[in-house]
Amino acid sequence: ATTPFGKVSFWDLRTRRPIAPPQTAHVGPVWTPTFSHDGRWMATSSTDTVVRLWDMRRHQPVAKLQPGTFVDDVGLSPDGTTLAVTTGAERGQGSVEIYSVPRLNRITELPAPWGRWGRFSPDGRTLVIADHEGQVRFFDTETWKPRARPLIAHRAEIISANFSPDDRTLATTSLDGGTRLWELPSGHPIGEGMPGPTQRRSAAVFVRGGTHLAAVYDSGQGYSWDLRPSSWARHACAVAGRPLTRAEWSQALPGRNYEPACAATPR
């Protein structure tokens, strides 16, 4: 858990009890911490332009970086060997700097003008970089070269971009209020997007093994979306009150075989 005052506290999610004393991590609010999949490492950043690497076995910081400019985000690779630091406070400025863990030796630097978010896919093979202008780019983590053409995801700043557990879907949120899903690796949109309040900071993550998406906003609102195609099909048929046409099916569930769930529903 983090606070607006630069502190980090540690809790056992099963017992809901603290497991270590709170630590002062930064001078300023702590951005969302990021963890390696095994829980060994944690990285944090803040408005103080400092990045800290934490050993979660000891619940202590073990290394720090000072990029010298505003840090938007930090992301740890699933295996805990690589740290991505997204920097840049103004249009046309910034990059994503890649470091080894735990020594934080610099590996390379990726261009990311006005970058906002940099996170690894669950299999560790892809780094996604989202920016303030609504664009998403994908990089191969072996070569650090682009994997595909940039994806124009939103009309405003992207606030978060997260992969599904199977790496087949990307969820993005933006100041335009929308939460959108993207099929990977094609980059095709899935549906028309899920609405939300505009000009609010938000984040969306896959839960329940990737069958649902949780989206929360700084207004205090939150949504849980059922992503199972069978659920979407039933809802679409219920709204239409009839079997979906092939065109309607393709728009609601692109790439899925035409099997309208309400085809046999009596009228």
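All of these numbers come straight from a predicted model, not from anything done at the bench.

Trainee: Could you give me a rundown of the overall build of the protein chain, with the residues and numbers involved?
Mentor: A count of helical and extended segments in the protein chain gives two helices and 21 strands. When the 267 residues of the protein chain are sorted by exposure, 47% land in the buried category. Partitioning the contacts of the protein chain with sequence separation of at least 6, the portion at a separation of at least 24 is 34%.

Trainee: Please give an account of the sheet that holds strand E3 (residues 34-35) that cites residues and values.
Mentor: Ordered by their spatial adjacency, four strands build an open sheet running E3-E4-E5-E6, and the pairing between neighbours is antiparallel. Of all the strands in the sheet, the pair left with one neighbour each is E3 and strand E6 (60-65). Pairing of E3 with strand E4 (residues 41-45) involves two bridges; the strand directions are antiparallel. By the bridge assignment, Phe35 is partnered in E4 with Met42.

Trainee: Explain unusual backbone geometry to me, using residue names and the numbers behind them.
Mentor: It is generally the case that most residues other than glycine have a negative phi and that most peptide bonds are trans. Residue Val101 is joined to Pro102 through a cis peptide bond whose omega torsion reads 10°. Looking at the secondary structure, you find Pro102 in the loop between strand E9 (95-100) and strand E10 (106-111). The omega torsion across Leu184 and Pro185 is 10°, close enough to zero to call that bond cis. As for its placement among the helices and strands, Pro185 is situated in the loop between strand E17 (179-183) and strand E18 (189-194). In this structure, His59 is a non-glycine residue whose phi angle is positive, near 55°. Residue classification places His59 among the buried positions, given a relative accessible area of 14%. Even without being a glycine, Trp114 presents a positive backbone phi close to 60°. Within the secondary structure, Trp114 is located in the loop between E10 and strand E11 (115-120). On the basis of relative accessibility, which here comes to 17%, the residue Trp114 falls in the buried class.

Trainee: Give a description of the environment of Thr82 that names residues and reports values.
Mentor: Along the chain, the position of Thr82 falls in strand E8 (residues 82-87). Accessibility expressed as a relative area gives 11% for Thr82, which makes it buried. C-alpha of Thr82 to C-alpha of Pro102: the two residues are 20 residues apart in sequence and 8.4 Å apart in space. Apart from residues lying up to four places away in sequence, Thr82 is in contact with Gly75, Leu76, Ser77, Ile98, Tyr99, Val101, Ile107, Phe120 and Trp144. Within the local environment of Thr82, its side chain forms a polar contact with the side chain of Thr81, the two groups lying 3.3 Å apart.

Trainee: An account of the nonpolar core is requested, with residue identities and associated values reported.
Mentor: Ranked by size, the top nonpolar core spans 14 residues in total, and within it Leu83 and Val85 carry the most contacts. Those elements that provide at least two residues to this core are E4, strand E5 (51-55), E6, strand E7 (71-76) and E8. In terms of residue count, E7 provides more of this core than any other element does, three residues in total. In this structure, Leu83 is in contact with Ala43, Val51, Leu65, Val74, Gly75, Leu76, Glu97, Ile98, Tyr99, Val101 and Leu104, ignoring residues within four places of it in sequence. In terms of nonpolar packing, the next biggest core, distinct from the first, is built from 13 residues, Trp117, Leu151, Leu170 and Trp182 among them.

Trainee: For the side chain of Ser45, give the residues involved together with the corresponding values.
Mentor: Examined against the element boundaries, Ser45 turns out to sit in strand E4. The buried category is assigned to Ser45, whose relative accessible area is 1%. Discounting chain neighbours no more than four positions away, the residues touching Ser45 are His26, Pro29, Val30, Trp31, Val50, Val51, Val71 and Val74.

Trainee: Break down the pairing of E9 for me, citing the residues and quoting the values.
Mentor: Within E9, six of the six residues are buried, which leaves it mostly tucked inside the rest of the structure. Of the two faces of E9, the one lined by Ser95, Glu97 and Tyr99 and the one lined by Val96, Ile98 and Ser100 are each fully buried. Taken together, the six bridges between E8 and E9 define a ladder with antiparallel strand orientation. In the strand pairing of E9, Val85 is matched with Glu97. Relative to E10, E9 runs antiparallel, the two being bridged by five bridges. Residue pairing for E10: Ser95 is matched across the bridge by Pro111. Between E9 and the antiparallel strand that follows it, E10, lie five residues; Leu104 among them carries a positive phi value of about 60°.

Cut-offs applied
- Residues numbered from 1 in each chain as written.
- Predicted model: local features only at pLDDT ≥ 70, side-chain atom pairs only at ≥ 80, totals over all residues.
- Heavy atoms only, no water.
- Helix = DSSP H or I, 4+ residues; strand = E, 2+ residues; numbered from the N terminus.
- Buried < 20%, exposed > 50% of the residue type's maximum accessible area, 1.4 Å probe, protein only.
- Contact = heavy atoms within 4.5 Å.
- Pairing = 2+ DSSP bridges.
- Polar contact = N/O pair within 3.5 Å; in protein donor to acceptor, adjacent residues only side chain to side chain.
- Core = buried A, V, L, I, M, F, W, Y, C linked by side-chain atoms within 4.5 Å.

In short, geometric facts, not functional conclusions.
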